[in-house]
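In case you want the letters, here they are:
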Amino acid sequence: MPAAPRISPARLFTPEEWAPFQARSHWRGPLLVLHAWAVIALAVAAGVMWPVLIPICIMIIGARQLGLAILMHEAAHGALAKNLKLNDVLGHWLCAVPVGASLSAYRPYHLSHHKFARQPEDPDLVLSEPFPVTGASLRRKIIRDLTGQTFFKQRVLLLVGAFRNQRDAHMAEGAVVTGKSVAPFLIVNAGMLAALTLAGVWWAYFVLWLLPMAAWFPLVTRLRNIAEHACVEGSGDDAFRAARTTRANWIERALIAPYWVNYHAEHHLFMHVPCWRLPRLHRLLHTRPEAARMETAPGYLSVLRTAASA
């Protein structure tokens, strides 16, 4: 099984240039987790106080649920906190469990994705290999996401299949709620429902937490997966072609791509660099001629046009 091509930082940077990207922080990752939950809480409060804002609140909360998954991804790389025990506690209980994931299950799967990125053994290949598709096909996928069909398939049907030891060959492992994560997910979500019920707004759990998870979260997760690897050629031979970086404006960062997840080419080049350092890494890389080989897109709409160009 051939591993994906790699490149050493020493080929591109001096030790002094590279030193800041190796550092871990005691406080940046925990603050990002706090930020994600603060945004969710404020959006829930805004939706309760001003129901007319509920549609935009659903998008904001769904994007921050993706943000929690992204911060779980940081924890999988040991980058969320300098203390590895704190890294795993935050990554599992405050990031993974609330959205139905398991850090311990996700980590080996995701590291396998990095090892075999865009190779036949890549467990995420099923997410990008079908593209490009037709515009009609992409619209159907988006409709399935927004109407909860994707959520039902991943969180109900595949859960039943997991208990029966059945595996959907057309679904990446990272999209599946594993048996290990079900009980903690139900306990944490029951606690959230109880807290909102005590506050007199029980309905907010369903409208401002579960509905975003069932509709917007699957959509932005799909957009993220498409933008990261779909329609990127040459990855088997060139480390600079393993993924795509998408330039995101402030609206896209708020509603689609939180916590610098759009810098995915940089992440695949040097996967242990913390997410908050990726913009700086992006700027430094683009002072090197090798960066011209990287796949970049001007925005998520441009990526969708490419993905729907069949």
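Not measured: the values here are computed from a predicted model.

J.: Quick rundown of the overall build of the protein? Include the residues and the values.
T.: Within the protein, the regular secondary structure consists of 15 helices and 2 strands. Expected size for 310 residues packed as a compact globule is a radius of gyration near 19 Å; at 19 Å, the protein falls within 12% of this value. Split into buried and exposed, the 310 residues of the protein put 53% on the buried side. Total accessible area on the protein is roughly 14,500 Å²; 65% of this is exposed by carbon and sulfur atoms. Charge separation in the protein, taken as the distance between the mean sites of 31 positive and 19 negative side-chain charges, equals 6 Å.

J.: If you had to explain unusual backbone geometry to someone new, which residues and values would you point to?
T.: A negative phi angle characterises most non-glycine residues, just as the trans form characterises most peptide bonds. Cis peptide bonds are those with omega within 30 degrees of zero, and the linkage from Phe131 to Pro132 qualifies with 5 degrees. Checked against the element boundaries, Pro132 lands in the loop between helix H6 (125–128) and helix H7 (135–146). We note that Arg118 has phi near 65 degrees; this positive angle belongs to a residue other than glycine. Counting through the fold element by element, Arg118 comes out in the loop between helix H5 (103–115) and H6. Overall, the relative accessible area of 16% leaves Arg118 in the buried class. The backbone phi angle of Tyr259 is positive, close to 55 degrees, even though this residue is not glycine. Examined against the element boundaries, Tyr259 turns out to sit in the loop between helix H12 (250–255) and helix H13 (264–269). Looking at Tyr259, the relative accessible area reads 8%, which means it is buried.

J.: Can you break down a nonpolar patch on the surface residue by residue, with the values?
T.: Judged by side-chain polarity, Met49, Trp50, Val52, Leu53 and Ile56 come together as a nonpolar surface patch covering roughly 510 Å² of accessible area. Secondary-structure assignment places Val52 in the loop between helix H2 (28–49) and helix H3 (54–76).

J.: Go over the packing of aromatic side chains, please, and point to the residues and values.
T.: For any pair of aromatic rings, the description consists of the separation of the ring centres together with the inter-plane angle of the planes. Enumeration over the complete set of coordinates arrives at 9 aromatic pairs. Between Tyr205 and Phe206, the ring centres sit 5.1 Å apart and the planes meet at 85 degrees, which makes this aromatic pair edge-to-face. The class of Phe206 is partly exposed, set by a relative accessible area of 38%. For the ring pair Tyr259 and Trp260, a centre distance of 6.5 Å and an interplane angle of 55 degrees mean the geometry is tilted.

J.: Could you give an account of the packing of H3 against helix H10 (residues 203–214), naming the residues involved and the relevant values?
T.: Each pair of packed helices can be described by the angle between their axes along with the distance between the axes. Remark: H3 packs on H10, axes separated minimally by 7 Å, with the N-to-C direction vectors making an angle of 60 degrees. One way to sum up the angle between H3 and H10 is to call them oblique. In this structure, H3 crosses over H10, and the sense of that crossing is right-handed. Together, Ile54, Cys57, Ile58, Ile61, Gly62, Gln65 and Leu68 of H3 and Trp203, Val207, Leu208, Trp209, Leu211, Pro212 and Met213 of H10 make up the contact between the two elements. In terms of residue class, the contact of H3 with H10 is built from 12 nonpolar, 2 polar and no charged.

J.: Tell me about the nonpolar core, and please be specific about residues and values.
T.: If you look at the biggest cluster of nonpolar residues, it comprises 83 residues, and the most contacted ones within it are Phe270, Leu281 and Leu285. The element contributing the most residues to this core is H3, with 13 residues. Ignoring sequence-local partners within four residues, the contact set of Leu281 consists of Phe13, Trp18, Phe21, Glu266, Phe270 and Val273.

J.: Lay out H7 in plain terms, naming residues and giving numbers.
T.: Compared with an ideal rise of 1.5 Å per residue, which puts 12 residues at 16 Å, H7 spans 17 Å between its outermost C-alpha atoms and is within 8% of the ideal. All of the buried residues along H7 are Ser137, Leu138, Lys141 and Asp145. Seen from one end, H7 has its buried residues packed into an arc of 100 degrees, which puts them on one side. Taken from the residues just after H7, Gly148 is the one with a positive phi, measuring 85 degrees.

J.: Which residues make up the packing of helix H1 (residues 15–22) against helix H14 (residues 278–285), and what are the values?
T.: Two elements in contact, H1 and H14, have axes separated by 10 Å at closest approach and are oriented at 160 degrees. The orientation of H1 with respect to H14, classified from their angle, is roughly antiparallel. The element H1 and its partner H14 pack so that their crossing is left-handed. Listed contacts from H14 to Glu17, Trp18, Pro20 and Phe21 of H1 are Arg280, Leu281 and Leu284. Class assignment for the residues of the contact of H1 with H14 results in 5 nonpolar, no polar and 2 charged.

J.: If you had to explain empty space enclosed by the protein to someone new, which residues and values would you point to?
T.: Over the atoms, a rolling probe the size of a water molecule traces out where space has been left empty. Scanning the model with the defined rule gives 3 cavities of 30 Å³ or more in all. The calculated volume of the largest cavity comes to roughly 80 Å³. In terms of lining, the largest cavity is formed by Ile70, His73, Glu74, Arg224, Glu228, Tyr259, Trp260, Val261, His264, His267, Cys275 and Leu278. Residues of the lining of the largest cavity, tallied by class, amount to 6 nonpolar, 3 polar and 3 charged. Its volume calculated, the second largest cavity comes out at about 50 Å³. Lining the second largest cavity, in full, are Ala4, Pro5, Arg6, Ile7, His114, Ala117, Ala239, Ala242, His268 and Leu269. Of the residues that constitute the lining of the second largest cavity, the class distribution is 7 nonpolar, 2 polar and 1 charged.

Reading the values: the criteria
Residues numbered from 1 in each chain as written. Predicted model: local features only at pLDDT ≥ 70, side-chain atom pairs only at ≥ 80, totals over all residues. Heavy atoms only, no water. Helix = DSSP H or I, 4+ residues; strand = E, 2+ residues; numbered from the N terminus. Rg over C-alpha atoms; globule rule 2.2 N^0.38 Å. Buried < 20%, exposed > 50% of the residue type's maximum accessible area, 1.4 Å probe, protein only. Areas by Shrake-Rupley, 256 points an atom, 1.4 Å probe, with all protein chains shown as cover. Lys, Arg positive; Asp, Glu negative; His and termini not counted. Charge placed at Lys NZ, Arg CZ, Asp CG, Glu CD. Patch = residues over 30% accessible without salt bridge, like charges linked within 9 Å, V, L, I, M, F, W, Y side chains within 5 Å. Salt bridge = Lys/Arg side-chain N within 4 Å of Asp/Glu carboxyl O. Phe/Tyr/Trp six-rings, centres within 6.5 Å; stacked < 30°, edge-to-face > 60°. Axes fitted to C-alpha atoms, helices over the stretch in contact; angles between N-to-C directions. Parallel < 35°, antiparallel > 145°, perpendicular 65-115°, else oblique. Left-handed = near helix turned anticlockwise from the far one by under 90°. Contact = heavy atoms within 4.5 Å. Nonpolar A, V, L, I, M, F, W, Y, C, P; charged D, E, K, R; others polar. Core = buried A, V, L, I, M, F, W, Y, C linked by side-chain atoms within 4.5 Å. Expected span 1.5 Å × (residues − 1). Arc of directions from axis to C-beta. 1 Å grid on protein atoms, 1.4 Å probe; cavity = no way out; pocket = protein on both sides within 12 Å on 5 of 7 lines; lining within 4 Å. Points joined across faces, edges and corners; volume = space filled by probe spheres on them.

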